[in-house]
Structure formats: structure tokens, C-alpha cells
Amino acid sequence: MNRIKTLQDLFKRYRRPGDMVFALTFFIFSVFLLASIPDQVVWVKRTKLFAQPAFWPTIAIGLMVLFSLFHLIGSLVSERIPGRLQEVLYWLRSVEFALWFMAYVAVVPVLGYLLSTILFCGLLSFRMGYRGLRWMAASTLFAVAVVVLFKAFLQVKLPAGLIYEGLPDGIRSFMMTYL
Amino acid sequence: MDTFLSGVELLARFDVALALLIGSVGGVIIGAIPGVGPAVAIAILLPATFSMEPLVGLTMLLGIYGSSMFGGALPAILINTPGTAVNALTTYDGHPMTRSGQALKALGLAYGASFAGGIISIVVLILLSPVLAEIAPMFGSREIFLAALLGIVLVIIAHRGQTFAAGMLAAFGIFLGTVGLEPVKYTQRFTFGQEWLASGVNLIVVVLGLFAISQAFVLLNEPESAPKTQRIRGSMWNALKEVLRYKRVTSAGAGFGVLMGMIPGVGEFTAQFLSYTYAQKTSKDPDLFGKGSPEGLVASESANNAVPAAAMIPLLALGIPGEALTAMMLSVFYVHNVIPGPALFQGKLDFVYALYMAMIVLNVIVIVFMLFSSNLLIRIIRIPTRFLGVMILTLSFVGVYSLRNSASDCAIAAVFGIFGLILKRQNLPIVPIVLGIVLGGIMEVKLRSAMARVKTPLDFVDRPIAALIATAIVVLIVAHIWGVIRERRSREPEMSHDHDVHDSQMR
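Calculation notes
Residues numbered from 1 in each chain as written. Chains lettered and ligands numbered in written order. Predicted model: local features only at pLDDT ≥ 70, side-chain atom pairs only at ≥ 80, totals over all residues. Helix = DSSP H or I, 4+ residues; strand = E, 2+ residues; numbered from the N terminus. Rg over C-alpha atoms; globule rule 2.2 N^0.38 Å. Buried ≥ 20, exposed ≤ 12 C-beta atoms within 10 Å, placed from the backbone. Contact = placed C-beta atoms within 7 Å. Nonpolar A, V, L, I, M, F, W, Y, C, P; charged D, E, K, R; others polar. Expected span 1.5 Å × (residues − 1). Domains from an automatic or database assignment. Core = buried A, V, L, I, M, F, W, Y, C linked by C-beta atoms within 7 Å. Axes fitted to C-alpha atoms, helices over the stretch in contact; angles between N-to-C directions. Parallel < 35°, antiparallel > 145°, perpendicular 65-115°, else oblique. Left-handed = near helix turned anticlockwise from the far one by under 90°.

1. Structural notes on the overall build of chain A
1) Next: The secondary structure content of chain A amounts to seven helices and zero strands.
2) Next: Mapped from its N terminus to its C terminus, chain A presents α and β elements in the order α-α-α-α-α-α-α.
3) Next: Relative to the compact-globule value of 16 Å for 179 residues, chain A shows a C-alpha radius of gyration of 25 Å, a clear excess of over 25%.
4) Next: Projected onto the principal axes, the alpha-carbon positions of chain A cover approximately 65 × 60 × 35 Å.
5) Next: Split into buried and exposed, the 179 residues of chain A put 30% on the buried side.

2. Quick word on the overall build of chain B
1) Next: Check the secondary structure of chain B and you find 20 helices and two strands.
2) Next: Here chain B has a C-alpha radius of gyration of 22 Å; the compact-globule value for 507 residues is 23 Å, and the two agree.
3) Next: Viewed in the frame of its principal axes, chain B has a C-alpha envelope of about 65 × 60 × 50 Å.
4) Next: Residues classed as buried in chain B amount to 61% of the 507 residues present.
5) Next: Residue pairs in contact within chain B that sit at least 24 positions apart in sequence constitute 81% of those at least 6 positions apart.

3. Considerations on the interface of chain B and chain A
1) Next: Taken residue by residue, the interface counts 69 residues in chain B and 67 residues in chain A.
2) Next: Elements supplying a minimum of two residues to the side of chain B that touches chain A: helix 3 (38–49), helix 8 (163–178), helix 9 (203–221), helix 12 (268–282), helix 17 (385–404), helix 18 (407–425), helix 19 (431–451) and helix 20 (464–489) of chain B.
3) Next: The element contributing the most residues to the side of chain B that touches chain A is helix 17 of chain B, with eleven residues.
4) Next: Each residue belonging to the side of chain B that touches chain A can be placed in one class, and the counts come to 36 nonpolar, 22 polar and eleven charged.

4. Describing unusual backbone geometry
1) Next: A positive phi is found at B:F190, a non-glycine position, where the angle reads about 50°.
2) Next: Following the sequence through the fold, B:F190 ends up in the loop between strand 2 (188–189) and helix 9.

5. A short note on the environment of A:L66
1) Next: Locating A:L66 in the fold gives a position in helix 3 (residues 55–77).
2) Next: Through-space distance from the C-alpha of A:L66 to that of A:V77 is 17 Å; in sequence the pair is eleven residues apart.

6. Topic: helix 7 (residues 141–157) of chain B
1) Next: The first and last C-alpha atoms of helix 7 of chain B sit 24 Å apart over 17 residues, in line with the 24 Å expected at 1.5 Å per residue.
2) Next: Among the 17 residues of helix 7 of chain B, 15 are classified as buried, and the element is accordingly described as predominantly covered.

7. Focus: the domain arrangement of chain B
Residues and elements named next belong to chain B.
1) Next: Parsing chain B into structural domains produces domain 1 (2–453) and domain 2 (456–488).
2) Next: Look at where the C-alpha atoms of domain 1 and domain 2 centre, and you get two points 27 Å apart.
3) Next: With eleven residues of domain 1 at the interface, the matching set in domain 2 holds ten residues.
4) Next: Its residues placed into classes, the side of domain 1 that touches domain 2 shows nine nonpolar, no polar and two charged.

8. Quick look at the nonpolar core
Residues and elements named next belong to chain B.
1) Next: One finds I42, A43 and L208 to be the most contacted residues of the largest nonpolar core, which totals 227 residues.
2) Next: The biggest single contributor to this core is helix 16 (residues 349–380), with 17 residues.
3) Next: Beyond its immediate chain neighbours, meaning those up to four positions away, L208 contacts A43, I44, I213, S396, G399, V400 and A413.

9. What about the packing of helix 4 (residues 54–79) of chain B against helix 13 (residues 294–318) of chain B?
Residues and elements named next belong to chain B.
1) Next: Where helix 4 meets helix 13, the axes come as close as 8 Å, and the angle between the chain directions of the two elements is 160°. As the angle between them shows, helix 4 and helix 13 are arranged roughly antiparallel. Crossing hand, helix 4 versus helix 13: right-handed. Residues Y65, G66, M69 and A73 of helix 4 pack against E301, N304, N305 and P308 of helix 13.
2) Next: Each residue belonging to the contact of helix 4 with helix 13 can be placed in one class, and the counts come to four nonpolar, three polar and one charged.

Below, the structure is given as C-alpha cells:
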């Protein structure tokens, strides 16, 4: 296989399996936005074209439709690369991790940042196949380090857990501020 | 000279020094781990820096930006996997050198070239700053609008072979930037009656999704791998000094880095490629390029490390970020109500000098760190990839959620995470979306204020800089179309090229 030969070569990217699915989906999405323009933006009276609130969304969506149409045509006229279904299944597999992430988001206001992070790291590590005692210790250590760094040290804004309410006074305010 | 000294004074503070140290050492480590790059790290840390002073926050982020390429050279050379996107070209010559038993020499050259490239570029820019401060006020609304448009055009045509995709993604970015309640006529744009869309799609949420969460998803989805490496023996100091034998290539690389870094939408890849081509064409041994040429390695590493300093120029002088990392840094300014632009360059030149001095210090910290730490880094880069995925996802949460404690932000970020994964799998670029969001917003505001004084279309380009940028835009588009037509005529089979050179571009 040749490596880079010309400057133009460096900027080239090539198609991958599933390109048709992506091109088609993006085109449909763009057309949907185009169709929504009348409902979703307003043309204000006595205002110049460039100052219209609808001006930039219309330009952007117009370009999306145009470019995605060309991109779709490019995919349609190109040779099909095998492995389309597997590729789409690969995309769908990532939904599982998105759900893990959202579960973490839902749990933090209830259990507090520290406990939720330890649980999230431990369970997801277990799910990914890191099941030994050493890995569990590593994931717990990582979780505690993240909480201490961001909540205690950098003081980022995160809600205190509901369960902290049940703690004795002295510990409660410490937990709410630092963990 | 006075402004320069007051810039130095700004830096001489404990918190700034600490931020620099954390940023630079952290950046090296992050750069060295394949699978996490500066974009992921900056996206995660961004909300945490909002509570810091602008200079402290920016030096930390700059530290990560400027030092990650040092770290990224290590896995590129030792295991043929670039640590960050811009080390891809380093693998071409670095890894063959490792295979022929010259790992230490390759690492020394890469670090030395990065250091020299970084320092040369910063010195050039410090010297140029007074000139830029003179030019910056000539940029009014229409010039800034045209410069932002130039950035969009460049980022689209730079993705040759995927121009249409880059175009639709950049347009998508511009569209995303318009969603929500607009601030002039107070109308809703594309909110579909949803309250959570009224405040718009936050740039940081999108960036965290596209860069960090998507990378976590990719790592979690892929089969496990933990790279094997060998220890480095010998004196790194002696290896570093070898770079002095390639002064010409190093300075040319730094020159290309400075020039390309200043133009929005271009960046490291073009700089590296021009530098690499120049080195090859002027080399006594051009056939060795791609097979372990020290000159090739020096050309690539000196160019990429010269870009960060130069990329700060359009950001600070015009408020126009040229690529994803400076786009993220722009939000640090916005949070503190400091709007970068001609006024900043004119009125607060000491702040600009302070940032440049900080970059010099960070290069020194990193090179000293590199002298002793290669073997330590080798141990760190062996983190198994799926565990790394768990770590990135955990850190992404704090990045998104700490912004405004909003679960809908997290959901949007997760959706963009999946979208980013698809783009990465499709070998499509992420940067046009980010630039679209940022530059689209700038274009909207600047066009509105520029058109107030424009009667006929020609008025728009009746000032020299506006005319120059407008001409550049037209020439670039025409040249691009002409280049594509010419390329069609001498077409090579699609599969005869290296398809994976851009694989790591989005980390």
C-alpha cells in the first residue's frame, strides 16, 4: 500500500462500511429540518433580511440539505463496501453505554456523588470483564480520586445526595460540601 | 518592553505556576495514552476552570494543549500508535527507527524537535505581537465576519474526498448554534415547544459528547488491548541534543507551524505535511522518508508543536478560533465576560504576553519532565483500553453535569456521544461541527452589525483587509474545484492509499 504521496492525499478520507446508512439518515434529518422551518422560526416584520431571526437557520439547513444530498449521491454511485449490517449493529451497541451513563446521571442526586461514582465504576468495570479483586480495588480507588479531585479540591457544582439528609449533623455538612 | 514586563508580573503567582505545572505534566500523560487526547481532557476540565481566574484557567488548558504532543510522540514511536491526532505522521519515521533499535534516538529527536518548534514559534509571535496589535484594530465587523467565513470554507475544503460530508457537518454546527431563544427579537428557533431547548444547545455539552463520551463508547465497544512496550535505556539528554544536527528542518517546521497555525481552519495537519514534504524534497536521502528518516521525524514534530502558540493569534486578536481546542478555550473567555478581539490585543497586550511566557515555561517544564520520565510513561500507556473507557465516561459525567446540574444536558451529551462514535467509525471529521457552532454564532452577530453600514454589496469589501479575505475565499473555492477536476483526470484506485492516517484525528 502506498503511503502519502501528495498534499491532496493527506486531506483525503475514504468511505467505510455503512456509509450509505449514515448518508441517507443525515439527508432525511436535513429534509425534516427543512420542512420544519415554517413552524420553528419567525420572520419578523420591518426587519432587514440579515437581521431576521430566521436567516441563519434557513441558510444552515439549506446548506445541510444541499451537502447531504451530494454526499448521499456520492454514496449511491460508489461501490458498496461489505459489512453494512455489522457496522450498524456496532453503532447500536453503544446505546447500552449511553444507558449506563444516564443511569449514573439519575443516581447521583439520590445516592450522592461519592457512592454513585464508586458504584458506577465498579459495576461498569465488572460488566467490561474486570472482575478480579485487584480491578475492583483499582476502580474504587479511581472513583474516590475523581470525587476528591473534582468535588473536594476543585469544588465543582454537584448536588448533594438525598441520602445525606439522614446523616448526623457534623458528618452531613462535611459530606455535602466535599463528597 | 513595559507591557512585556507587566506580562511577566501577571505570571509570577503561585496559582498560575501550579496551573502550569498541572497542565503541562498532565498534558504529557494524557497525550501519551493512546485513546485520550487533549480534546478529551480539555473538554472534561473546561467546566472546572470556569471558577478560576481567566489566566489560571487558560494556562492550565494551554498547558494541556501545548504539552500533549510531546507525550503523543512516545507511543507513536514505540508502539506505532499515535498518542494524539497530530502524532500520526510521527509514526511514519519514528516507529521504523524503533524497529531498527534506535528508539532512544527517535524519542530524543521527537522531544528535541517539539521543544525547538515550540520555543521558536513563541519567540516569533512575541516579536510579531506589536505588529499584530497594529493590524488587529483594522478588523471591523465585516472583516471578522469574513475571517470566520474563511475559517468555515477552509475547514470544509481541507477535508478533501469528504468535502460534502464536512460541508453538511459544518452547516449542522451552524444550525445547532441557532437553536433556542435568540437574543435580538426574542423569538424561539427550533425549540419544538420544548422548554429544555429554549436555552439552546450548549457548546461544551456538544463538545464533551462528540470528543469525550464518543471516545469512551469507542473504547468500551472495541476488543481489549493493552500495548506492550520495552524500557528505554541510555541518556535522553544526549539523544535530545541530536536535534541540533537538523537545524534547517526544525526551523522550517516551526515556520510552517506558525504560518498554518495562524490561519483559522487549517492547523497541525497542513503544517506537518508542508514541513514533511519540504524536508523530503530538500533531503540528501529522500528515499529514507517513511522508513525511519530522522529528518522526517524532526519535520513532523517541530511543525505540530509550533501550532498551539500560533493558533492563539486568531483567537486572541480576532476572537475567531481556528480549531476545536481553541474553540473550547473561547468559552473560558466568554464565561468571564472577556471578549477576545482587537480590543484585547490592543488594550491588554500584557495578558497576551503572559500567555506566551506561560507557553515558554510549559515547554521548559515538559522537556525537563521528559528527560526523566519516558520509562514511567511507558507504564502508564499500558492501561487496558476498556478500563480507560470506564475512566473517560466517569470523568465526562462531571464535565457535563457540573455545568448546570441538568440531566437533559447529560442526555444531549450522550446522544452526541453516539453521533460522535458513528462519525469516528465513518472516518468523518468532528471539527467542522464544533467550528460551525462557534463561527456560526460569530458570523450571525458580525454580519448583522456590518450590514448596518453597507448599502451595496460592493461596500462590503471596500476596505483592504475585507477585500483581501474575500478574494482569498473566492480563490480557495475555485482552486479547490479545479484541483478536484484535475485529480479526477489522473485517478488512482481508491484502495491504493493509506486510509487510516486520519483515524486518530478526533481524539
